[in-house]
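Each chain is listed here by its residues.
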Amino acid sequence: MDLTRRKVLALGTSTFAMASLTGLPAFASLTDDAIAAITGGAEITEGGIELTAPEIAENGNTVPVEVAAAGAVEIALFASGNPTPAVATFKFGPLAGSRSGSTRIRLAKTQDVVAIAKMEDGSFHKASATVKVTIGGCGG
Amino acid sequence: MASGVKPRVKVPKTAAAGDIITIKTLISHKMESGQRKGDDGNLIPRSIINRFTADFNGQNVIDVTVEPAVSTNPYFEFEAMVPEAGEFKFTWYDDDGSVYETAKKIAIG
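Reading the values: rules and limits
Here the residue index of a chain counts from 1 through its sequence in written order. As they are written, the chains are lettered A onward and the ligands numbered 1 onward, keeping that order. Side-chain atom pairs in this predicted model are given and counted only at pLDDT of 80 or more, local residue features only at pLDDT of at least 70, and totals for whole chains, interfaces and linings cover all residues. For side-chain calculations, the full set of non-hydrogen atoms in the structure is used, while hydrogens and water are omitted. We call two residues contacting when some pair of their heavy atoms lies within 4.5 Å. Accessible area, probed at 1.4 Å, shrinks when two parts are joined; the buried area is that loss added up over both. Salt bridges are defined as contacts in which a side-chain nitrogen from Lys or Arg sits within 4 Å of a carboxyl oxygen from Asp or Glu. Secondary structure follows DSSP: runs of H or I at least 4 residues long count as helices, runs of E at least 2 residues long count as strands, and numbering of each begins at the N terminus. Any residue that is not Ala, Val, Leu, Ile, Met, Phe, Trp, Tyr, Cys, Pro, Asp, Glu, Lys or Arg is counted as polar, Gly included; the first ten are nonpolar and the last four charged. Two strands make a pair as long as DSSP finds a minimum of two bridges between them. Buried residues are those whose accessible area, probed at 1.4 Å on protein chains only, stays under 20% of the maximum for their type, while exposed residues exceed 50% and partly exposed ones sit between those limits. Here, nonpolar core refers to any group of buried Ala, Val, Leu, Ile, Met, Phe, Trp, Tyr and Cys residues whose side-chain atoms link them within 4.5 Å.

K.L.:
Whenever I open this one, the interface of chain B and chain A confuses me. Can you help?
P.N.:
When the parts come together, some accessible area is lost, and that loss is often what is quoted as the size of the interface. Chain B puts 30 residues into the contact, and the matching count from chain A is 28 residues. Buried area between chain B and chain A, both sides added, is near 2300 Å², and the carbon and sulfur share of it is 50%. Counting every contact that joins chain B to chain A gives zero salt bridges. Secondary-structure elements contributing two or more residues to the side of chain B that touches chain A are strand S3 (19-27), strand S5 (59-66) and strand S6 (75-82) of chain B. Ranked by residue count, the leading element in the side of chain B that touches chain A is S5(B), at eight residues. Taken together, the residues of the side of chain B that touches chain A sort by class into 17 nonpolar, seven polar and six charged. Across four bridges, strand S7 (residues 96-105) of chain A lies against S6(B) in antiparallel orientation. Residue pairing in the sheet places Ser102(A) in a bridge with Glu77(B) of S6(B).

K.L.:
Even after reading the chapter, I still don't get the pattern of salt bridges, so can you show me in this structure?
P.N.:
Residues and elements named next belong to chain B. The full count for this structure, using the stated rule, is seven salt bridges over all chains. Ionic pairing is found between Arg36 and Glu32, a salt bridge with its closest N-O pair at 2.8 Å. Arg46 is the salt-bridge partner of Asp95, the closest N and O atoms lying 2.9 Å from each other. Separated by 49 residues along the polypeptide, Asp95 in the loop between strand S7 (86-94) and strand S8 (99-108) and Arg46 in the loop between S3 and strand S4 (49-56) bring together distant segments of the chain. When its relative accessible area of 40% is taken as the criterion, Arg46 is described as partly exposed.

K.L.:
Can you walk me through the nonpolar core in this structure?
P.N.:
Across soluble globular proteins, you tend to see nonpolar side chains buried next to one another. Membership of the largest hydrophobic core comes to 55 residues, with the highest contact counts inside it found for Phe88(B) and Phe90(B). Residues contacting Phe88(B), with those up to four places away along its chain left out, are Val11(B), Ile21(B), Ile23(B), Asp55(B), Phe56(B), Val61(B), Ala80(B), Val82(B), Thr102(B), Ala103(B), Lys104(B) and Ile106(B). Counting residues in each nonpolar core, the second largest holds seven residues, with Ile35(A), Ala76(A), Phe78(A) and Ile116(A) among its members.

Set out below in structure tokens:
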């Protein structure tokens, strides 16, 4: 028996690393694709938009989030770790009192929530927040 | 048509002309995401509210595109400018083609 404790531990960590390596880019690219679909590949500046989300969400079924970006015509929300990243898109009309909105969303697991704002001048701004989820919200 | 759909909206009764007011809306809807499996192991088909709009005297305030990642009983809070007395109209669009509407009057004073 040459399967020592040390070897087993090494095996375990390497398979875990492999799993997370193969798992993450798939989700990231889904979100990137969804974001590219609205920006059309335009450059995105960090900041200029406020995204309020809890640091820890007990229940992934209802996570309150709030977005605000002065001068935005459109704000889109994405959840990078959900089966489908798109969450909601707020489009502001002529009588919008402020360029902000809040809603409650589902998060499947601990992940980054990303907000993309399209400004009046056609530029794009981005903000993201990591939310730790205790109970997933996608019935998995 | 999903059963038991009931819209609820909170709008102040009065405001000064040009005021910015906060509006809270909620509609009871199960928002079936299409990701869940039923007791028989088959996927439960998606059935959600896919769009929400708010208008004041025919002018748009906000238009929200809603995806399955929005929670059961979708809740939206936003701000609106009130230039004159009039009526807010709120509309929710269901996947099955139903449209749920509600309206609230606001006076200047």
